[in-house]
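Fold and geometry: a report
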Amino acid sequence: MRGKIIRLYKKADKKGFALGAFNFSTNEILKGIIFAAKKLKAPIIISTSEGERNFFGCEESVAVYNAIRKKYPHVILHADHTKSFKELKKIIDAGYPSVHFDGSKLSFRHNVRETKRAADYAHSKNVFIEGELGGITGGSTTHKERLKDVLTEDILTKPEQAKEFVELTGVDSLAISIGNAHGIWKDKPKLDFERLKDIKKRTGKFLVLHGGSGISAKDFRKSISLGINKININTELRVAYAHSLLKSLNKREDYTPYHYLKDVSAAISKVVEEKIIIFKADKKI
Ligand code: 13P
């Protein structure tokens, strides 16, 4: 599977689009994501954070993914932010074809050591692996603060370290910190495009932008033109889910889940469709 995934990232890099990676924790979210991808003929990544896969079930995620692939093969299941070798091994052994190892809270030396261990294991199982260097602040929710008040310069990815990191670890792609953060903040993130350009030039790697919620279409397009190949979206889906569910439960006295959850899937699809178009990932299968 790793070879196939690498070919897809190469295609995105060459044709100037980004793969959208959308998080899910329930089946109606998944349905909404897949509906949008099919409609727009887009390759797509479906992701689970640790909390999400604990809720959905690790084996269950793989089983549902395998069922989806039979009808729509342009989907990749990805494990977001695994933070220990034990967790990574559990996920790979369950059948995830793509994983993210997040050692960003460790010192550079420890991050290199743990990520290399993770990459060696992933590659021995033919699994694609994303590493992370630099810190990505916040969780996938709405925040009361302004990002500019909490984001500090020292967590941004250093281009010269990024080169060393990818060479020493052998990761297939790299998640970077260039002013992005998880969640929706009071202000818009201010991305450091010069840093992005420098990281791409020095590493030549596939690059990943976490914290996609709240970033403008203009900034997404510019990031893609400078070498971002995958963009993660979660909070905007969570907000769409909750608003749609509240609205449809208030609207009617109908307690049939597959009626009101249909609206939820449609709300998710709407967000995913908008992003696919911004990422220029439509008509790419
Ligand atoms: P957002 O919650 O900001 O969309 O970020 C998602 C993400 O990066 C998942 O890893």
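All residue numbers refer to positions counted from 1 along the written sequence of the respective chain. Per-residue local features of the predicted model are confined to residues with pLDDT of at least 70, and side-chain atom pairs are confined, for both listing and counting, to 80 or more; whole-chain, interface and lining totals are unaffected and use all residues. Values shown for side chains rest on all heavy atoms present in the structure; no hydrogens or waters enter the calculation.

1. Quick notes on the overall build of the protein
Basically, it comes down to this: What counts as a helix is a DSSP run of H or I of at least four residues, what counts as a strand is a run of E of at least two, and both are numbered from the N terminus. C-alpha atoms define the radius of gyration, and 2.2 Å times the number of residues to the power 0.38 defines the globule rule. With a 1.4 Å probe rolled over the protein chains alone, any residue whose accessible area is under 20% of its type maximum counts as buried; one over 50% counts as exposed, and the rest are partly exposed. Contact criterion: two residues are considered in contact whenever any of their non-hydrogen atoms come within 4.5 Å of each other. Surface accessibility follows the Shrake-Rupley procedure with a 1.4 Å probe radius. Residue values consider only the protein chains on display as shielding. The charge count treats Lys and Arg as positive and Asp and Glu as negative. His and the chain ends do not count. Charged groups are reduced to one reference atom each: NZ for lysine, CZ for arginine, CG for aspartic acid, CD for glutamic acid.
The secondary structure content of the protein amounts to 12 helices and eight strands. Radius of gyration (C-alpha) of the protein: 18 Å, near the 19 Å computed for a compact globule of 285 residues. Its C-alpha atoms give the protein principal-axis dimensions of about 60 × 40 × 35 Å. Expressed as a percentage of its 285 residues, the buried residues of the protein come to 58%. In the protein, 73% of the contacts between residues at least 6 apart in sequence involve partners at least 24 apart. Accessible surface computed for the protein: about 13200 Å², of which carbon and sulfur atoms make up 54%. Side chains of the protein carry 53 positive and 34 negative charges; the gap between the two charge centres is 6 Å.

2. A few points about the sheet that holds strand E2 (residues 44-48)
Let me state the cut-off plainly: We call two strands paired when DSSP finds no fewer than two bridges between them. Axis angles are defined between N-to-C directions and span 0 to 180 degrees, where every axis is a line fitted to C-alpha atoms and, for a helix, only to the segment in contact.
Ordered by their spatial adjacency, eight strands build a closed barrel running E1-E2-E3-E4-E5-E6-E7-E8, and the pairing between neighbours is parallel. Adjacent strand axes in the sheet meet at a mean angle of 25°, parallel and antiparallel pairs treated alike. Bridge count between strand E6 (residues 173-176) and strand E7 (residues 206-209): four bridges; the pairing is parallel. Its bridge partner being in E7, Leu-174 is matched across the sheet by Leu-207. Helix H4 (residues 58-71) contacts E2 and strand E3 (75-82) of the sheet and is inclined by roughly 155° relative to E3.

3. Details of the site of the ligand
Note the cut-off: Whether a residue is near a molecule or strand depends on its heavy atoms: it is near if one of them lies within 4 Å of it. Definition of a polar contact: a pair of N or O atoms within 3.5 Å, with one able to donate and the other able to accept a hydrogen when the atoms are protein atoms, and with sequence-neighbouring residues admitted only if both atoms are side-chain atoms.
Lining the immediate environment of the ligand, one finds 15 residues, of which Asp-80, Ser-140, Ser-213, Asn-234 and Thr-235 sit closest. Within the side chain of Ser-213, one N or O atom sits 2.6 Å away from an oxygen atom of the ligand. Asn-234 has a polar backbone atom sitting 2.7 Å from an oxygen atom of the ligand. Taken by itself the ligand offers 310 Å² of open surface, and the protein chains cover 99% of this. Broken down by secondary-structure element, the contributors of at least two residues to the shell around the ligand are E3 and strand E8 (228-233).

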